[in-house]
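Close look at the chain arrangement
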Amino acid sequence: MNKTVFLDRLDGLIRTLPYEERRATLDYYTEMIEDLIEEGKTEEEAVAALGEAEALAEQILKTAEIQGTETETDTDSKPEQQKKNKMSAGTIVLLVAGSPLWISLAVSALAIILSLYIVLWSLVITVWAVELALGAGALVTLLSPLLLISGRAGEMLLLCGGGLVCAGLAILWFYVSKWASIGAWKLSVWGVRMLMKPWRRKEQNDE
Amino acid sequence: MDIQMKRGLLDVCVLAAIRDEDSYGYQIVKDLQPFVDISESTLYPILRRLEAAELLTVRAVEHNGRLRKYYRITESGRARIAAFADEWKEIMAIYRFVTGEATKDE
C-alpha cells in the first residue's frame, strides 16, 4: 500500500476526532513514514511498519477516548441514531406508498379473524340453545299434567316420561354447555395472545 | 510486566530520550527500542499524553522540504524524571530486602 492511500484510509477511519487532533495524528504518521523512507525503507515497507490502518485507527480512537478528548462520541451514537431514524423514515415512506395494498390486506385479515370468533361463539350459543330447549321441554312436559289434566293416563305417563328424559338430558347437556363455553373462552384468549405476539417480542428486543 | 507500570516507565523513557537534546518521533523510537518494547504507533499516544501534561513541548522544524515535529523537555518533565529516580531508589531498597530475605531463609 502506498503512503497516500494509507493516510487517506487512516484519515477516514478517525473522522470522529476533532479536526485539530486528526490533523496532528496524520501529521505524526506522515512524518513517521517519511522518516522511515529516509532511513532507507521503501514506501511499502514504511507503511507496513505501521501495521493495519484499521488497527491503528482503533488504537488512536481508544487513546483519545481514554484521555477524555472530545472524540465526539456523541457523533458515534449519532450516526447510529441517524441510521435508526433513517430506517424509520424509509420505512415510513414504504408504509405510505404501499398503504393501499397492506391496509386492504390487514382489513381482510381482521375480517377473517373476526368471523372465526363469531363462528366460535355462535357454536357456543347453539349449544346453550339446545340446553335451553331441553330445559324448557323438560319443564313443560313435567308441568303440563298439572295444567292440562287431559285425564288420559297413557298420555300423562308419556308426558312424564318424556319430561324426565328431557330433564336428564338437560342436566347432562348443562355440563357440555359449560365445557363448551370455557373451552371457547380459552381459545379466544389464546388467539388474542398469538396475535399480539409480534408486538410483545419487539418490546422485549428493545429492552 | 504490569500494564500501568509499563505505561509509567514508557513515559519517563520518552522524557529521558529528550532530556539532553530535542528529538523527533522516529529518532525517539530508535533510541528507546533497545530498552523497551515501543513502536511508531505506541509512541504517539505517549507523546500526546506528555504534551497534555506539559512535560514536553512541540515545535515544527523544516527538514528536507517537509516539517518535522521536534519535542523538547520542560522543567516539569525534568522533575518527573527526578521523581522517578527517587521512587526507584526506594524500590531498589525493597528489592534488596525482599531478595536478601529470601536467601536468608535458604
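Everything below is about the structure shown above.
What you see is a predicted model, and the numbers here were worked out from it, not measured in a lab.

Moving on to the overall build of chain A. Helices and strands together make up the secondary structure of chain A, namely seven helices and zero strands. Counting every position in chain A, which comprises 207 residues, the buried fraction comes to 23%. Summarising the internal contacts of chain A: among those between residues at least 6 apart in sequence, 70% fall at separations of at least 24.

We now examine the packing of aromatic side chains. Taken as a whole and judged by the stated rule, the model has seven aromatic pairs over all chains. Seen in terms of ring centroids, Tyr-28 of chain A and Tyr-29 of chain A are 4.9 Å apart; in terms of plane orientation they differ by 85°. Their pairing is edge-to-face. By relative accessible area, Tyr-28 of chain A is classed as buried at 3%. Taking 5.8 Å as the distance between ring centres and 75° as the angle between the ring planes, the aromatic pair formed by Phe-174 of chain A and Tyr-175 of chain A counts as edge-to-face. Looking at Tyr-175 of chain A, the relative accessible area reads 53%, which means it is exposed. What links up through ring pairs into an aromatic cluster is the set Tyr-28 and Tyr-29 of chain A together with Tyr-44 of chain B. Between Arg-68 of chain B and the ring centre of Tyr-24 of chain B, over which it is positioned, the NZ or CZ distance is 3.6 Å.

The next thing to look at is the packing of helix α2 (residues 19-39) of chain A against helix α3 (residues 40-52) of chain B. The geometry of α2 of chain A relative to α3 of chain B is characterised by a closest axis approach of 11 Å and an angle of 140° between their N-to-C directions. Taken as axis vectors, α2 of chain A and α3 of chain B run oblique relative to one another. Crossing of α2 of chain A against α3 of chain B: the hand is right-handed. Across from Glu-21, Ala-24, Thr-25, Tyr-28, Tyr-29, Met-32 and Leu-36 of chain A in α2 of chain A, the residues of α3 of chain B making contact are Glu-40, Ser-41, Leu-43, Tyr-44, Leu-47 and Arg-48 of chain B.

The next point concerns the nonpolar core. By size, the foremost hydrophobic cluster in this structure holds 41 residues, and its most contacted members are Phe-6, Tyr-28 and Tyr-29 of chain A together with Val-14, Ile-28, Leu-43 and Leu-47 of chain B. Those elements that provide at least two residues to this core are α1 (3-13), α2, α3 (43-49) and α4 (53-66) of chain A together with α1 (3-17), α2 (25-32), α3 and β3 (66-73) of chain B. The biggest single contributor to this core is α2 of chain A, with six residues.

This next bit is on the pattern of salt bridges. Proximity of charged atoms lets side chains of opposite charge pair with each other. On inspection of all chains with the given rule, the structure shows 19 salt bridges over all chains. The shortest N-O distance in the salt bridge between Arg-22 of chain A and Asp-11 of chain A comes to 3.7 Å. Placement of Arg-22 of chain A in helix α2 and of Asp-11 of chain A in helix α1 is noted, with a sequence separation of eleven residues between them. We classify Arg-22 of chain A as buried; its relative accessible area is 15%. A residue is classified by how much of its surface remains accessible, and Asp-11 of chain A, at 18% relative accessible area, is buried. Where Arg-68 of chain B meets Asp-35 of chain A, a salt bridge forms, and the shortest distance between an N and an O atom there is 2.7 Å. Here the residue Arg-68 of chain B occupies a position in strand β3, and Asp-35 of chain A occupies one in helix α2, the pair thus bridging two chains.

Conventions used here
Residues numbered from 1 in each chain as written. Chains lettered and ligands numbered in written order. Predicted model: local features only at pLDDT ≥ 70, side-chain atom pairs only at ≥ 80, totals over all residues. Heavy atoms only, no water. Helix = DSSP H or I, 4+ residues; strand = E, 2+ residues; numbered from the N terminus. Buried < 20%, exposed > 50% of the residue type's maximum accessible area, 1.4 Å probe, protein only. Contact = heavy atoms within 4.5 Å. Phe/Tyr/Trp six-rings, centres within 6.5 Å; stacked < 30°, edge-to-face > 60°. Lys NZ or Arg CZ within 6 Å of the ring centre and 35° of its normal. Axes fitted to C-alpha atoms, helices over the stretch in contact; angles between N-to-C directions. Parallel < 35°, antiparallel > 145°, perpendicular 65-115°, else oblique. Left-handed = near helix turned anticlockwise from the far one by under 90°. Core = buried A, V, L, I, M, F, W, Y, C linked by side-chain atoms within 4.5 Å. Salt bridge = Lys/Arg side-chain N within 4 Å of Asp/Glu carboxyl O.

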